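One-letter residues, chain by chain:
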Amino acid sequence: MTEQTSALATPAAADEAPQVQFEGTTPYEDYVHASLLSTLQRPLSNDPGEMAFIVTTQVMELWFTLIVYEWRTARDALLKDDLEQAMDALRRSRRSHQALNDSWTPLAALTPAQFNGFRAAFGEASGFQSAQYRHMEFLLADKSRSMVQAHRGHPAVYAELEEALAEPSLYDEVLRFLYRRGLPVPEHVVERDVTEAYQPDSWVEEVWRQIYAGPQDDPLVRLGEELTEVAELVLRWRSDHLLATRRAMGAKAGSGGSPGVAWLEKRAQRSVFPELWTARSYV
């Protein structure tokens with residue numbers, strides 16, 4: 001076929017209808033399970049705002065799942081000293097986290113009356129009970145054995161969180177990677193009890209200071225900046241959560257026995273990869 005003939009044939013091909021005859025369900029349904037997803041929204045009130053609340057929350061859970069997958073991929077790549085694979089996973093997670101943060105849009109402008117229209121329907125359910133979000137925080141080295149206890153009634157989920165609690169976090173593997181590269185990460189940090197929440201360390205701060213004060217084309221500077229981007233997105237997520245909650249319910253007690261806004265304010269103040277922020281003061 002000549003180039004001219006091929007070009008003339010293109011519009012006709014574009015007009016052809018897609019295949020619409022399949023045995024059973026469509027391949028799209030088999031792959032995405034869209035019909036199953038669309039059955040998982042079960043409002044418990046007649047308030048029209050509850051549907052948006054349920055869908056938004058479920059979408060957030062899906063983003064949590066993807067971000068956990070990417071952070072684990074990055075952590076496992078660093079364990080193998082594969083910096084490029086880790087960087088790719090962190091970049092993908094950043095795009096996913098931005099989409100997660102944008103998910104607040106349908107809920108961010110709820111008035112107290114609109115929120116109260118369906119609030120009673122979810123009873124003691126609360127976001128801090130999300131197992132996938134707990135996986136995210138554990139990967140950020142924000143470990144808490146007490147927060148696992150909420151899931152004792154779901155043995156499979158409880159076992160997964162217990163395993164995640166005992167595993168090194170993403171930040172732990174970052175610091176171990178730097179240690180293997182010959183940077184002066186202290187052994188007490190490399191060998192720390194990873195079931196405990198990470199505590200800032202002045203020696204680690206000095207490691208990041210040295211990295212940032214060195215050549216700017218150093219791959220370790222790029223690693224630090226990618227982690228900083230991730231940390232900033234996490235901090236923005238917490239801030240957006242706090243603002244949306246404050247706007248919808250003020251200082252009322254939260255569901256699930258939490259103190260509501262006061263709890264979120266406390267969480268929002270927790271640093272993510274702390275030495276990456278403090279080291280900048282000394283570069």
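Residues numbered from 1 in each chain as written. Predicted model: local features only at pLDDT ≥ 70, side-chain atom pairs only at ≥ 80, totals over all residues. Heavy atoms only, no water.

- Looking at an unreviewed UniProt entry, the chain carries the name Tryptophan 2,3-dioxygenase, with the source organism given as Streptomyces noboritoensis.
- The UniProt entry for the chain carries this comment under Function (unreviewed entry): "Heme-dependent dioxygenase that catalyzes the oxidative cleavage of the L-tryptophan (L-Trp) pyrrole ring and converts L-tryptophan to N-formyl-L-kynurenine. Catalyzes the oxidative cleavage of the indole moiety."
- Quoted verbatim from the Subunit (unreviewed entry) field of UniProt, the annotation for the chain is "Homotetramer." (UniProt positions renumbered as here; feature names shortened; annotations may be inferred.)

**Description of the side chain of Ser93**
Argument step 1. Counting through the fold element by element, Ser93 comes out in helix 5 (residues 83-102).
Argument step 2. With near-sequence residues (within four places) excluded, Ser93 lies in contact with Ile67, Glu70, Trp71 and Val230. (Helix = DSSP H or I, 4+ residues; strand = E, 2+ residues; numbered from the N terminus. Contact = heavy atoms within 4.5 Å.)

**Some remarks on helix 12 (residues 202-213)**
Argument step 1. Here helix 12 contains 12 residues, and its C-alpha end-to-end distance of 16 Å stays within 8% of the 16 Å for a straight helix at 1.5 Å per residue.
Argument step 2. Along helix 12, the positions that sit buried rather than exposed are Val204, Glu205, Val207, Trp208, Ile211 and Tyr212. The buried side chains of helix 12 occupy one side of the element, clustering within an arc of 155° when seen end-on. Relative to its buried face, helix 12 has exposed residues pointing more than 90 degrees away, namely Ser202 and Trp203.
Argument step 3. Buried residues belonging to helix 12 abut helix 10 (170-180), helix 11 (187-190), helix 13 (219-249) and helix 15 (274-278). (Expected span 1.5 Å × (residues − 1). Buried < 20%, exposed > 50% of the residue type's maximum accessible area, 1.4 Å probe, protein only. Arc of directions from axis to C-beta.)

**A look at the UniProt feature "binding site: substrate" (unreviewed entry) in the chain**
Argument step 1. Here, UniProt's "binding site: substrate" (unreviewed entry) annotation points to Arg119.
Argument step 2. Taking the relative accessible area as the measure of exposure, Arg119 reaches 18% and is therefore buried.

**A word on the packing of aromatic side chains**
How two aromatic rings sit relative to each other is set out by the distance from centre to centre and by the angle between their planes.
Argument step 1. The tally for this structure, following the rule as stated, stands at 12 aromatic pairs.
Argument step 2. Ring centres of Phe53 and Phe122 lie 5.2 Å apart, and the angle between their planes is 10°; this geometry places the pair in the stacked category. Taken together, the residues span a long stretch of sequence, with Phe53 in helix 4 (residues 49-79) and Phe122 in the loop between helix 6 (112-119) and helix 7 (131-139) at a distance of 69 residues.
Argument step 3. Their ring planes at 35° and their centres at 5.1 Å tell us that Trp104 and Trp237 sit as a pair that is tilted. With Trp104 in the loop between helix 5 and helix 6 and Trp237 in helix 13, the pair connects residues that are 133 residues apart, well separated along the chain. We note that Trp104, like Trp237, is buried.
Argument step 4. One aromatic cluster is present, built from ring pairs that chain together Phe53, Phe115, Phe118 and Phe122.
Argument step 5. Sitting above the plane of the Tyr212 ring, Arg280 keeps its charged end 4.9 Å from the centroid.
Argument step 6. Across from the ring centre of Trp277, 5.8 Å away, lies the NZ or CZ of Arg280, which sits over that ring. (Phe/Tyr/Trp six-rings, centres within 6.5 Å; stacked < 30°, edge-to-face > 60°. Lys NZ or Arg CZ within 6 Å of the ring centre and 35° of its normal.)

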